[in-house]
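In case you want the letters, here they are:
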Amino acid sequence: MVDHELQREQEYVGTLYARLDALKREAELQLDAVRLLDVGGNHQGRSERDTFARIYEDRIVQLREVDERLAFGRLELEPNDEDGDDVLRYIGRIGLRDKDLQPILLDWRVPQASAFYQATAATPLGARARRHLLSKGRSVIRIEDEIFDATLLESDTTELQGEGALLAALTAQRTGRMSDIVATIQAEQDRIIRSDLGGVLVVQGGPGTGKTAVALHRAAYLLYSHRDRLKNSGVLIVGPSRSFLQYIEAVLPSLGETGVVLASVGQLYPGVEATREDSPAVAALKGKAFMAGLIARAVKSRQRVPAEPQVLDVNGDRLTLDPQLIQNAMNRAREGGKPYNEARVTFVKNALGALSREWLAQLKSNGNSMDESDLPMLREDLRSAEDVRVALNTAWLPLTPQKLLQDLYARPQWLAELTPRWTAEQRALLRRSRDAEFTIADIPLLDEAAEHLGEYNLVDAAQKREQKQQRKRDIENAEAAIQNMDVKGQVNAKDLADNFAELGDRATTAERAALDRTWTYGHVVVDEAQELSPMQWKLLLRRGPLRSFTIVGDIAQVASAAASSSWLTALDPLLAGSAEAERWRLEELTVNYRTPSQIAASAESMAVAHGLPVTPSRAVRASEWPIEVLTDAVEAVRRERDLDAGGTLAVIVPETGIDELGARLAEEFGSAVGLGAQGLTRDIALLSPQEAKGLEFDSVIVVDPAGIVAASERGAGALYVAMTRATQRLYLVADGDLPAGITLG
Ligand SMILES: Nc1ncnc2c1ncn2[C@@H]1O[C@H](COP(=O)(O)OP(=O)(O)OP(=O)(O)O)[C@@H](O)[C@H]1O
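Residues numbered from 1 in each chain as written. Predicted model: local features only at pLDDT ≥ 70, side-chain atom pairs only at ≥ 80, totals over all residues.

Going by the annotation in an unreviewed UniProt entry, the name recorded for the chain is AAA family ATPase, with Lacisediminihabitans profunda given as the source organism.

This is the structure we're talking about:
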């Protein structure tokens, strides 16, 4: 019976692959035809041809991407027609229609597919049964059926959908890259993935409950279901570190989506890539909301009216610059409400105008026969006079955000003037040399400064305006091209115009967005959101002013001193004063898919013993390996490698111990060891608890757990993160007592 069914499924899946191959061939032929088009020598024609070629190339890539597990599920619906035939609906990575345009495979994101993820015996949603198809390459190797029969409800002890397929996915060895979970999304996850686009959705869940997976699938779902709204504005996904982004970067392309910008919190200010962390106390101070006020005061204080009149030498003439003239020019420039650098242009214009009139009066009273018509010439003389330049720059210097922040940190006197109510210790925390690298906590401060300063380079600003005009023209050209090439309905003008864009041939929405600080995204997804400081939230609000956000995290995993300890306070900078403050939705995930039960229980009881607000979750499986305690890290690595179990291994150690342990491990295991993001592609990844956030490994060695707890005020959160990275085995390396609450199962 099962063999027969397997064969039947194999045949059906065979027809799906045949259709997929036919579509691929069709796209290849279209590509060949476009390449052969004779467009003559004109540039516009060539650019259009290349653009169409690219569209077909992308289509071919997309069809190739979905080859693996093309179809993974089948729903059997209650018969709805008179002859009582079964109604079968196949679910897969993309939607396919046969030659007669009848649907033969449903994209997992369409509304009709949601019953596949949500139906249960208690609420069958019109379905009689669900079948998971497990395949290898193009062959179906196993099928797994669930019958939605309410009479069997008593014995239905599990709420998991497709348990066999799920457990097969969960126990598979890790590769260092996250993979999609599209075939085994669980009902509570599916509801979150398909939740409405608008407003702020917060997803709270303990470690390993699939928050990251859900956030990524939600991004793919939203891009698919709201393509019109999101195609041109894009989706921003923010994660804690570069290693985390490297870990998740393959998931969305495997779901056929590329229209997203992935950024770590250190990459949110275009042009600066910060990877360094400040000490917890410094990061906490830089993250405080009042830093915005400091930046605003700092910018304002760079406009200075001189205390005394100054005598300027202009082409041998001596001119007196009165402080009042500067003050008047400043007042008028500020009236426009423009940012600092842009208002400065008005200031210079006004100051030069007033000064040229004074000079004219002075020249006339000295007997020169000049009149109003000479004013432009006098203004130009003033503009190029060294003394005038110095005087006006001293009053109002053009500034970059970088320069402003460097000055603020390197000039204690100035900082003291700006912060009369701070303590000397607080000020000392910001002190550092002008050439020190920017840190992750500096990113929102740079962004805040950029808001006040505006464009530094006004030529750039003009160029941006011109680019916007150019885009308008591109869209018009694209519309004409679509007419000419007779491909109406196959592409839209905006897509085509994207490809004409100035930023290089392949500048997609995502690429343009990533380079533009003032870009506003249609939706923003924030992972490990519990870590963000008020200043980081402020920056994110600028990137997503519509407040369409998916925020996932675990408030118990807070490890950074800059973060809040409840969602309500954490979200205040994002929601305060908006209607969303009343409306934000909270969803919880309750099943732990990653960590075996004994490791989860030990980490949870440690967290509770340290007063962390853990969200209890239920682990879906146990591990055959007990937690081991050893006294030496190198010995632990050796022990793990001797098991010859394969898979990935992480050694998590307090930040301060990384160098020393790195040297010892390198001596023993050579190039098998990698630090940080690099470690994800090596046999042994050496990470700080911060770098380990969001990642997972078959085996984890936590070195000096007590040291991790003691390292900061939020140390217990950091240890909670470290212990819950393991999918199979956990070792603790300690030569003294273990932190309170740890149980060894
Ligand atoms: N429905 C599912 N089917 C298969 N695998 C799943 C499912 N849900 C989650 N997983 C797997 O469980 C693991 C943990 O998921 P994920 O990293 O998204 O959890 P998380 O809640 O973000 O964890 P943390 O807060 O600890 O970083 C991943 O390997 C993920 O692929």
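Enquirer: Whenever I open this one, the overall build of the chain confuses me. Can you help?
Expert: Scanning the chain for helices and strands turns up 32 helices and 22 strands. Taken over the C-alpha atoms alone, the chain extends approximately 115 × 75 × 50 Å along its principal axes. For the chain, the proportion of its 745 residues judged to be buried stands at 41%. In the chain, the proportion of contacts linking residues at least 24 apart, taken out of those at least 6 apart, comes to 73%. (Helix = DSSP H or I, 4+ residues; strand = E, 2+ residues; numbered from the N terminus. Buried ≥ 20, exposed ≤ 12 C-beta atoms within 10 Å, placed from the backbone. Contact = placed C-beta atoms within 7 Å.)

Enquirer: Help me understand the pairing of strand β2 (residues 87-92), please; the structure alone is not making it clear to me.
Expert: Consecutive side chains of a regular strand alternate in pointing toward one face of the sheet and then the other. The pairing of strand β1 (residues 71-77) with β2 spans six bridges and is classified as antiparallel. Across the sheet, residue L75 finds its bridge partner in β2, namely R89. Across two bridges, β2 lies against strand β4 (residues 103-107) in parallel orientation. Across the sheet, I91 pairs through a bridge with L106, a residue of β4. (Pairing = 2+ DSSP bridges.)

Enquirer: Would you mind going over the nonpolar core with me for this structure?
Expert: Side chains of nonpolar character tend, in soluble globular proteins, to be buried together. The biggest cluster of nonpolar side chains holds 176 residues, and the ones touching the most others in it are A219, V235, V651, I652, I701 and Y720. Broken down by element, this core gets its largest block of residues, nine residues, from helix α6 (residues 211-225). If we ignore the near neighbours within four places in the chain, the residues touching Y720 are A556, Q557, A603, M606, A607 and L612. (Core = buried A, V, L, I, M, F, W, Y, C linked by C-beta atoms within 7 Å.)

Enquirer: Honestly, the packing of helix α27 (residues 597-609) against helix α32 (residues 715-723) in this entry has me stumped. Any pointers?
Expert: To describe two helices that pack against each other, one gives the angle between their axes and the distance between the axes. Axis separation between α27 and α32 bottoms out at 9 Å; the angle between their running directions is 180°. On the basis of the axis angle, α27 is roughly antiparallel to α32. Across the interface between the two elements, I599, S602, A603, M606 and A607 from α27 touch A716, L719, Y720 and M723 from α32. Of the residues that constitute the contact of α27 with α32, the class distribution is eight nonpolar, one polar and no charged. (Axes fitted to C-alpha atoms, helices over the stretch in contact; angles between N-to-C directions. Parallel < 35°, antiparallel > 145°, perpendicular 65-115°, else oblique. Nonpolar A, V, L, I, M, F, W, Y, C, P; charged D, E, K, R; others polar.)

Enquirer: Looking at this structure, how should I read the sheet that holds strand β6 (residues 139-147)?
Expert: The pairing of strands in a sheet comes from backbone hydrogen bonds and takes either a parallel or an antiparallel form. Taken together, six strands build an open sheet; the order of strands is β3-β4-β2-β1-β5-β6 and the sheet is mixed. Every other strand in the sheet has two partners, leaving β3 (96-97) and β6 as the edge strands with one partner each.

Enquirer: Help me out: how do you make sense of the UniProt feature "binding site: ATP" (unreviewed entry) in the chain in this one?
Expert: In the numbering used here, UniProt assigns the "binding site: ATP" (unreviewed entry) feature to G205, G206, P207, G208, T209, G210, K211 and T212. Mapped onto the secondary structure, G205 falls in strand β7 (residues 200-205). Those residues in contact with G205 that sit more than four places away from it in its chain are K211, D554, E588, L589, T615 and S617. When you line up the elements, G210 lands in the loop between β7 and α6. For G210, a count of 23 C-beta atoms within 10 Å corresponds to the buried category. If near-sequence neighbours (up to four positions away) are discounted, G210 is found in contact with Q189, L589 and Y593. (UniProt positions renumbered as here; feature names shortened; annotations may be inferred.)

Enquirer: Help me understand the environment of A645, please; the structure alone is not making it clear to me.
Expert: Locating A645 in the fold gives a position in the loop between α28 (633-643) and β18 (649-652). A C-alpha to C-alpha distance of 56 Å links A645 and P412, two positions 233 residues apart in sequence.

Enquirer: What am I meant to see in the sheet that holds strand β8 (residues 235-239) here?
Expert: Across the sheet, which stays open at both edges, the six strands sit in the order β9-β8-β12-β13-β7-β14 with parallel pairing between neighbours. The open sheet is flanked by β9 (260-264) and β14 (585-589), the only strands paired with a single partner. Direction aside, the axes of adjacent strands within the sheet are offset by 15° on average. As paired strands, β7 and strand β13 (residues 549-553) are joined by five bridges and run parallel to one another.

Enquirer: Help me understand the domain arrangement of the chain in this model?
Expert: Domain boundaries in the chain define domain 1 (1-149), domain 2 (191-269 + 517-591), domain 3 (280-300 + 401-453), domain 4 (303-395), domain 5 (463-501) and domain 6 (597-733). For domain 1 versus domain 2, the separation of C-alpha centres amounts to 29 Å. Taken residue by residue, the interface counts seven residues in domain 1 and seven residues in domain 2. Of the residues in the side of domain 1 that touches domain 2, the class split is two nonpolar, two polar and three charged. (Domains from an automatic or database assignment.)

Enquirer: When you look at the confidence of the model for the chain in this model, what are you seeing that I'm missing?
Expert: Close inspection of predicted coordinates is inappropriate for parts of the model with low pLDDT. Summing up the model confidence of the chain, the mean pLDDT is 87 and the portion of residues at 70 or higher is 90%. Ignoring residues within four places in sequence, the model shows residues 502-506, a span with pLDDT below 50, making four contacts including any to other chains. At the level of chain-chain contacts, confidence expressed as ipTM amounts to 0.99, with global pTM at 0.85. (pLDDT = per-residue confidence, 0-100.)

Enquirer: Explain the site of the ligand to me, please; I cannot follow it from the model alone.
Expert: In the vicinity of the ligand, 23 residues are found, and the nearest of them are P207, G210, K211, T212 and Y593. Going through the elements one at a time, α4 (163-171) and α6 are the ones with two or more residues in the shell around the ligand. Classifying every residue of the shell around the ligand by side-chain character gives nine nonpolar, ten polar and four charged. Counting only domains with at least three residues in the shell around the ligand, you end up with domain 2 (191-269 + 517-591) and domain 6 (597-733). (Near = placed C-beta within 6 Å.)

Enquirer: Is there a simple way to think about the pairing of strand β21 (residues 697-703) in this case?
Expert: Across the seven residues of β21, seven count as buried, placing the element largely inside the fold. Looking at chain direction, β18 and β21 are connected through four bridges and run parallel. Note on β21: the bridge partner recorded for L649 is S699.

Enquirer: Looking at this structure, I do not really get the packing of helix α19 (residues 443-453) against helix α23 (residues 534-543). What am I missing?
Expert: Contact geometry of α19 with α23 gives a least axis separation of 8 Å together with a crossing angle of 50°. On the basis of the axis angle, α19 is oblique to α23. Where α19 crosses over α23, the two elements pack in a sense that is left-handed. Residues P444, L445, D447 and E448 of α19 form the contact with α23, whose own contacting residues are M535, Q536, K538, L539 and R542. (Left-handed = near helix turned anticlockwise from the far one by under 90°.)

Enquirer: Honestly, α32 in this entry has me stumped. Any pointers?
Expert: An α-helical turn contains 3.6 residues, so a residue and the one three or four places further along point in the same direction. Most of α32 is tucked away: nine of the nine residues are buried. Within α32, the full set of buried residues consists of G715, A716, G717, A718, L719, Y720, V721, A722 and M723. Buried residues in α32 make contact with α27, β18, α30 (689-692), β21, α31 (705-710) and β22 (726-733).

Enquirer: Looking at this structure, I do not really get unusual backbone geometry. What am I missing?
Expert: Keep in mind that most residues, glycine aside, have a negative phi and that most peptide bonds are trans. With a phi angle near 70°, L101 is a residue other than glycine that sits in the positive phi range. Considering the arrangement of structural elements, one finds L101 in the loop between β3 and β4. In this structure, D704 is a non-glycine residue whose phi angle is positive, near 55°. The residue D704 is located in the loop between β21 and α31 in this model.

Enquirer: Can you walk me through the environment of L686 in this structure?
Expert: Here L686 shows up in strand β20 (residues 684-687). When the 28 C-beta atoms within 10 Å are taken as the criterion, L686 is described as buried. Each residue touching L686, except ones within four places of it in the same chain, is listed here: V651, V653, I658, L661, G662, L665, V673, L675 and G679.

Enquirer: Help me understand α27, please; the structure alone is not making it clear to me.
Expert: Compared with the 18 Å implied by 1.5 Å per residue over 13 residues, the 18 Å span of α27 between its first and last C-alpha is a close match. Every buried residue belonging to α27 is among I599, A600, S602, A603, E604, M606 and A607, and all of these are buried. Packed against the buried residues of α27 are β15 (591-592), β16 (618-619), α32 and β22. (Expected span 1.5 Å × (residues − 1).)

Enquirer: It is not clear to me how the environment of E9 should be interpreted in this structure. Could you clarify?
Expert: Counting through the fold element by element, E9 comes out in helix α1 (residues 2-36). Along the sequence, E9 and V140 sit 131 residues apart, while their C-alpha atoms lie 7.2 Å from each other. Apart from the residues within four sequence positions on either side, E9 is in contact with L133, V140 and I143.

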